[in-house]
Amino acid sequence: MAKQKEIHFIFNGKEIKGIEGQPIAAALFNNGIRAIRQCEVTGEQRGVYCGIGHCFECRATVNGIPGIRTCLTLIEENMIVTSNLAGVQNDEV
Amino acid sequence: MMKCDVVIIGAGPAGLTASIELALKGLQVVIVDENYRSGGRLLGQLYEDRRKKRVWAGKIIAKDLADKAKALSVKFLFDTSVWKIEDKKVFLSNEVVKVIEAKAILLATGAIEKALPIPGWQKVGVVTVGAAQTFTNLHNVKIGQNVIFVGIDPLSISVAIEMKHAGVNVKGLFLPPTTNLLNQKCNPKEVLESVASAAGMATNPIYRLGGKFVHGAYTKLLLHLLKYKQLKINGIPIYFRKAVTQINGRAEVQSVNVRSLKIDGEVTEVEKTLHVDTVCLSGGLLPLIDLSQLANCVIIDIPELGGFVPLHNEHLKTTVEGIYVAGNITGIEGAQVAMAQGKLAARSILREFNLSSENEISVAFNEIEKARILSPITFLPEIRKGRQIMRDKWEEYLKR
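Residues numbered from 1 in each chain as written. Chains lettered and ligands numbered in written order. Predicted model: local features only at pLDDT ≥ 70, side-chain atom pairs only at ≥ 80, totals over all residues. Heavy atoms only, no water.

If you check an unreviewed UniProt entry, chain B appears there as FAD-binding protein from Ureibacillus endophyticus.

Under an unreviewed UniProt entry, the name given to chain A is (2Fe-2S)-binding protein, and the source organism is Ureibacillus endophyticus.

Here it is as structure tokens:
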């Protein structure tokens with residue numbers, strides 16, 4: 001099997017390594033990142049819920065376009081993914 | 001505005017199969033899908049098929065179908081949502097193609113997962129069983145280290161086994177707590193009977209569970225025993241007498257509260273904490289009918305089919321001229337049935353173009369029952385009754 005091409009992108013300022021053909025959310029999972037954004041109302045963190053584009057919980061801003069579903073969007077080299085996540089750790093909320 | 005003969009919404013098993021059938025007769029077909037690729041729910045499916053003694057690898061089946069469709073010049077529009085259907089025009093979120101006008105429209109939108117709202121379900125690390133399946137089998141991602149499932153049904157059992165194969169520590173399958181909203185799902189006796197009734201058709205481990213333990217009169221006895229003894233499938237504990245009542249964690253999931261259930265589903269007071277980082281919720285599937293509603297199709301509630309579905313005749317034509325349905329939008333069944341329905345819907349559409357015969361339609365119709373018999377998983381035990389109710393309701397509709 002051919003070696004899979006590595007793709008580099010930025011999530012909230014951090015460089016993330018993924019594999020070509022992966023959606024953003026899958027690449028984040030592989031890098032141990034499950035919290036993608038925070039709820040605008042409660043401030044609680046949110047991540048993938050349905051994985052097929054219905055719930056919009058995994059949305060982020062991709063290359064400047066807000067509201068992009070990371071479960072349905074493939075990673076690209078030098079893609080910039082940002083969210084309102086303020087870098088909250090699990091025991092700090 | 002783009003023009004074509006048939007627009008298909010949904011590039012899953014039903015839509016892909018229909019596109020091939022239509023394109024083979026020379027029609028111009030466009031398939032629209034929200035995802036970045038075709039295959040739909042086929043992509044995550046990886047089952048052991050008891051009868052054929054081989055694995056049902058949905059990803060490979062999806063690729064074969066997509067290759068065939070592409071070779072026949074079927075056009076795909078990915079990353080594209082449909083937001084309106086009016087007068088055989090389909091309105092799209094696509095930047096380049098904003099409207100497609102077609103002579104016929106096939107809605108093959110599939111299903112969505114029912115919500116299973118238990119306290120804490122919004123936390124990071126709580127996913128639907130469908131998401132768990134897609135990330136495990138398609139993206140080869142471990143969504144957590146220590147995982148439990150809430151909801152015991154053929155789908156959650158299959159996905160739990162698949163995750164265990166992928167090296168995840170699956171700590172067990174539990175019931176959701178009883179609420180008025182979720183009553184049916186949480187009664188241990190009904191859940192056990194429902195799993196057992198699906199067992200005859202199901203994948204190997206579920207069949208073993210059903211065959212060994214569950215025979216009508218013995219379910220109650222079994223449930224008494226299950227209070228003390230646990231049942232395992234492929235080494236994964238199945239807790240018919242325990243419910244997850246709460247999901248805890250400050251930001252991400254850290255633990256769940258588990259309580260014992262009485263046989264009638266009543267939750268007892270004693271509570272235990274189980275440390276997990278991931279919870280997969282399985283609340284069942286609902287036909288995804290929003291586009292048929294937008295298109296003004298008559299919608300009826302048939303619980304045996306999974307809930308509200310567009311009224312259609314046995315050849316998959318809806319109450320709106322030129323709009324057809326195939327796959328889970330008509331009722332919750334497996335991919336094999338969806339594929340057979342895709343073929344039938346295509347032949348019904350071809351009839352409008354004088355490109356198929358009554359005999360071809362009837363052959364395709366009969367293939368649906370064959371596919372149903374061969375399906376490794378039965379989602380709804382009374383599906384045949386549901387299909388019969390739909391035929392009766394259509395007759396009533398014609399006489400109105």
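Undergrad: Quick question: what am I supposed to make of the interface of chain A and chain B here?
TA: Reports of interface size often rely on the accessible area that becomes lost once the parts have come together. The interface of chain A with chain B comprises 27 residues on the first partner and 35 residues on the second. For the pair chain A and chain B, the summed buried area comes to about 2,500 Å², and 53% of that belongs to carbon and sulfur atoms. For the salt bridge of Glu 34 of chain B with Arg 69 of chain A, the shortest nitrogen-to-oxygen distance reads 3.2 Å. For the interface between chain A and chain B, the tally reads 7 residue pairs in polar contact (both at pLDDT 80 or more). Mapped onto the side of chain A that touches chain B, the elements with two or more residues apiece are α1 (24–30) and β4 (45–46) of chain A. (Contact = heavy atoms within 4.5 Å. Buried area = accessible area lost by both parts, 1.4 Å probe. Salt bridge = Lys/Arg side-chain N within 4 Å of Asp/Glu carboxyl O. Polar contact = N/O pair within 3.5 Å; in protein donor to acceptor, adjacent residues only side chain to side chain. Helix = DSSP H or I, 4+ residues; strand = E, 2+ residues; numbered from the N terminus.)

Undergrad: Help me understand the pairing of strand β11 (residues 146–150) of chain B in this model?
TA: Every other side chain in a regular strand lies on the same face of the sheet, so the side chains alternate between the two faces. Residues and elements named next belong to chain B. Counted residue by residue, β11 has 4 buried out of 5 residues, so it is predominantly covered. Here β11 pairs with strand β12 (residues 169–175) via 5 bridges, running parallel. In the strand pairing of β12, Val 150 is matched with Phe 174. In this fold, β11 hands off to helix α4 (residues 154–165), which returns the chain to β12; that crossover is right-handed. Looking at chain direction, β11 and strand β17 (residues 278–281) are connected through 4 bridges and run parallel. (Buried < 20%, exposed > 50% of the residue type's maximum accessible area, 1.4 Å probe, protein only. Pairing = 2+ DSSP bridges. Right-handed = clockwise from strand over helix to strand, strands pointing away.)

Undergrad: Explain empty space enclosed by the protein here, please?
TA: A water-sized probe, rolled over the atoms, reveals where empty space remains. A full pass over the atoms with the stated rule returns 1 cavity of 30 Å³ or more. Considered as a void within the structure, the largest cavity measures approximately 40 Å³ in volume. The wall of the largest cavity is formed by Phe 29, Arg 34, Gly 47 and Val 48 of chain A together with Val 124, Gly 125 and Val 127 of chain B. Here the lining of the largest cavity is built from residues that sort into 4 nonpolar, 2 polar and 1 charged. (1 Å grid on protein atoms, 1.4 Å probe; cavity = no way out; pocket = protein on both sides within 12 Å on 5 of 7 lines; lining within 4 Å. Points joined across faces, edges and corners; volume = space filled by probe spheres on them. Nonpolar A, V, L, I, M, F, W, Y, C, P; charged D, E, K, R; others polar.)

Undergrad: Would you mind showing me how to read the pairing of strand β8 (residues 99–107) of chain B here?
TA: Residue and element names in this part refer to chain B. Counting buried positions along β8 yields 7 of 9 residues, so the element is predominantly enclosed. Bridge count for strand β1 (residues 2–9) against β8 is 7 bridges, and the pairing is parallel. Looking at β8, one finds that Ile 9 is bridged to Leu 107. By the bridge criterion, 3 bridges tie strand β7 (residues 89–92) to β8 in an arrangement that is antiparallel. Counterpart to Val 90 in the pairing with β8 is Ile 100. If you look at the hairpin formed by β7 and β8, you'll find 6 residues sitting between the two strands.

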